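The lines below spell out each chain.
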Amino acid sequence: MSGKPHIVGISGSLRQGSLNTKLLLNAKEYLPEHYTFTLADISQLPHYNQDLEEDMPEAVLKLVELCKSADGFLISSPEYNWSIPGVLKNAFDWLSRQAVGTPLALKPAAIMGGTPGGFGTSRGQLHLREQLFALNLDTVNRPEVLVPQLHLKFDEEGQFTDEMGRKLLEQLMANFVQKVERNRQA
Ligand SMILES: Cc1cc2nc3c(=O)[nH]c(=O)nc-3n(C[C@H](O)[C@H](O)[C@H](O)COP(=O)(O)O)c2cc1C
């Protein structure tokens, strides 16, 4: 792709005060300065229904265009009942379709997540990895960024303050950028 690298962020939480969206916005701060970033809006997508593909909903087309313009994806998600939230699965189902040109396939992704509890999305993140495998993304495997007690780890400005977590996030982003650069040169 030509032009500035463009990264699209997808949060699995629609909540205003989402811890996972905050984590995602912290992660994007580790992108090189010349990278551009857009946070996707998946809140307006209708429930996936193959019948709707005959006249693709506007919100789907908008998301697809955004994803087509992306050189890579940052995905931060809560764990809901040991898996990923339905809204995120719904977005993946739309984006997986040939009818929209599978705009995620073969692109790099980095994933992260956190919970107020002690497991830091470890169960949900396995499902998230599996989903990205199914959609044929090139996901960064290590380090895993799974943050327990995330609600205690932001300051008033929303800065992620956990020292170990910041190191992991920085390494994750370095590995992600390497993939993005390699992919752009291929
Ligand atoms: C429907 C639902 C299911 C949840 N299931 C889990 C779970 O399986 N494991 C867990 O650690 N937390 C679970 N939680 C708590 C979330 O980790 C917590 O609400 C978190 O703050 C959500 O992420 P957000 O702040 O980004 O919205 C659940 C919350 C909801 C609303």
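Just so it is clear, the structure is predicted and the values come from calculations on it, not from any experiment. (Residues numbered from 1 in each chain as written. Predicted model: local features only at pLDDT ≥ 70, side-chain atom pairs only at ≥ 80, totals over all residues. Heavy atoms only, no water.)

### Description of helix H5 (residues 163-185)
Working step 1: Helix length check: H5 (23 residues) gives 33 Å between terminal C-alpha atoms against 33 Å at 1.5 Å per residue, within 8%.
Working step 2: For H5, the set of buried residues is Gly-165, Leu-169, Leu-172, Met-173, Phe-176, Val-177, Lys-179, Val-180 and Arg-184. (Helix = DSSP H or I, 4+ residues; strand = E, 2+ residues; numbered from the N terminus. Expected span 1.5 Å × (residues − 1). Buried < 20%, exposed > 50% of the residue type's maximum accessible area, 1.4 Å probe, protein only.)

### Overview of the site of the ligand
Working step 1: Around the ligand, 13 residues are found, and the nearest of them are Ser-13, Arg-15, Ser-18, Asn-20 and Glu-79.
Working step 2: Between the ligand and Arg-15, the relevant distance is 2.7 Å, taken from an oxygen atom to a side-chain nitrogen or oxygen of the residue.
Working step 3: Relative to its free-state accessible area of 620 Å², the ligand is covered by the protein chains to the extent of 70%.
Working step 4: Residue composition of the shell around the ligand, by class: 5 nonpolar, 5 polar and 3 charged. (Near = heavy atom within 4 Å. Polar contact = N/O pair within 3.5 Å; in protein donor to acceptor, adjacent residues only side chain to side chain. Areas by Shrake-Rupley, 256 points an atom, 1.4 Å probe, with all protein chains shown as cover. Nonpolar A, V, L, I, M, F, W, Y, C, P; charged D, E, K, R; others polar.)

### Regarding the environment of Ser-76
Working step 1: Inspection of the secondary structure assignment puts Ser-76 in strand S3 (residues 72-76).
Working step 2: For Ser-76, a relative accessible area of 0% corresponds to the buried category.
Working step 3: For the pair Ser-76 and Asp-138, spaced 62 residues apart in the sequence, the C-alpha separation amounts to 16 Å.
Working step 4: In this structure, Ser-76 is in contact with Ile-10, Ser-11, Gly-12, Asn-20, Leu-23, Leu-24, Met-112 and Gly-113, ignoring residues within four places of it in sequence. (Contact = heavy atoms within 4.5 Å.)

### Things to note about the pattern of salt bridges
Working step 1: Enumeration according to the criterion identifies 7 salt bridges in this entry.
Working step 2: Two residues, Glu-53 and Arg-97, come together in a salt bridge whose shortest N-O distance is 2.5 Å. One end of the pair, Glu-53, is in the loop between strand S2 (36-39) and helix H2 (58-68); the other, Arg-97, is in the loop between helix H3 (86-95) and strand S4 (108-114), and 44 residues separate them in sequence.
Working step 3: By relative accessible area, Glu-53 is classed as buried at 17%.
Working step 4: Glu-163 is the partner of Lys-167 in a salt bridge, and the nearest nitrogen-oxygen pair spans 3.9 Å. Of the two residues, Lys-167 and Glu-163 both sit in helix H5, 4 residues apart, roughly one turn of that helix. Accessibility assignment for this pair places Lys-167 and Glu-163 in one class, exposed. (Salt bridge = Lys/Arg side-chain N within 4 Å of Asp/Glu carboxyl O.)

### Remarks on helix H1 (residues 19-28)
Working step 1: With 7 of 10 residues buried, H1 is to be regarded as a mostly interior element.
Working step 2: Residues of H1 that are buried: Leu-19, Asn-20, Thr-21, Leu-23, Leu-24, Asn-26 and Ala-27.
Working step 3: Check the buried side of H1 and you find it contacts strand S1 (6-11), S2, S3, S4, strand S6 (146-147) and H5.

### So, the packing of H3 against helix H4 (residues 122-134)
Working step 1: Contact geometry for H3 and H4: axes closest at 11 Å, N-to-C directions at 10 degrees. Between H3 and H4, the interaxial angle falls into the category roughly parallel. Of the residues in H4, those touching H3 at Leu-88, Lys-89 and Phe-92 are Leu-128, Gln-131 and Leu-132.
Working step 2: Grouping the constituent residues of the contact of H3 with H4 by class yields 4 nonpolar, 1 polar and 1 charged. (Axes fitted to C-alpha atoms, helices over the stretch in contact; angles between N-to-C directions. Parallel < 35°, antiparallel > 145°, perpendicular 65-115°, else oblique.)

### Describing the side chain of Lys-179
Working step 1: Relative to the assigned elements, Lys-179 resides in helix H5.
Working step 2: On the basis of relative accessibility, which here comes to 18%, the residue Lys-179 falls in the buried class.
Working step 3: Excluding anything up to four places from it in sequence, Lys-179 contacts Pro-108, Asp-138, Thr-139 and Val-140.

Spatial relationships are all this shows, so hold off on functional conclusions.
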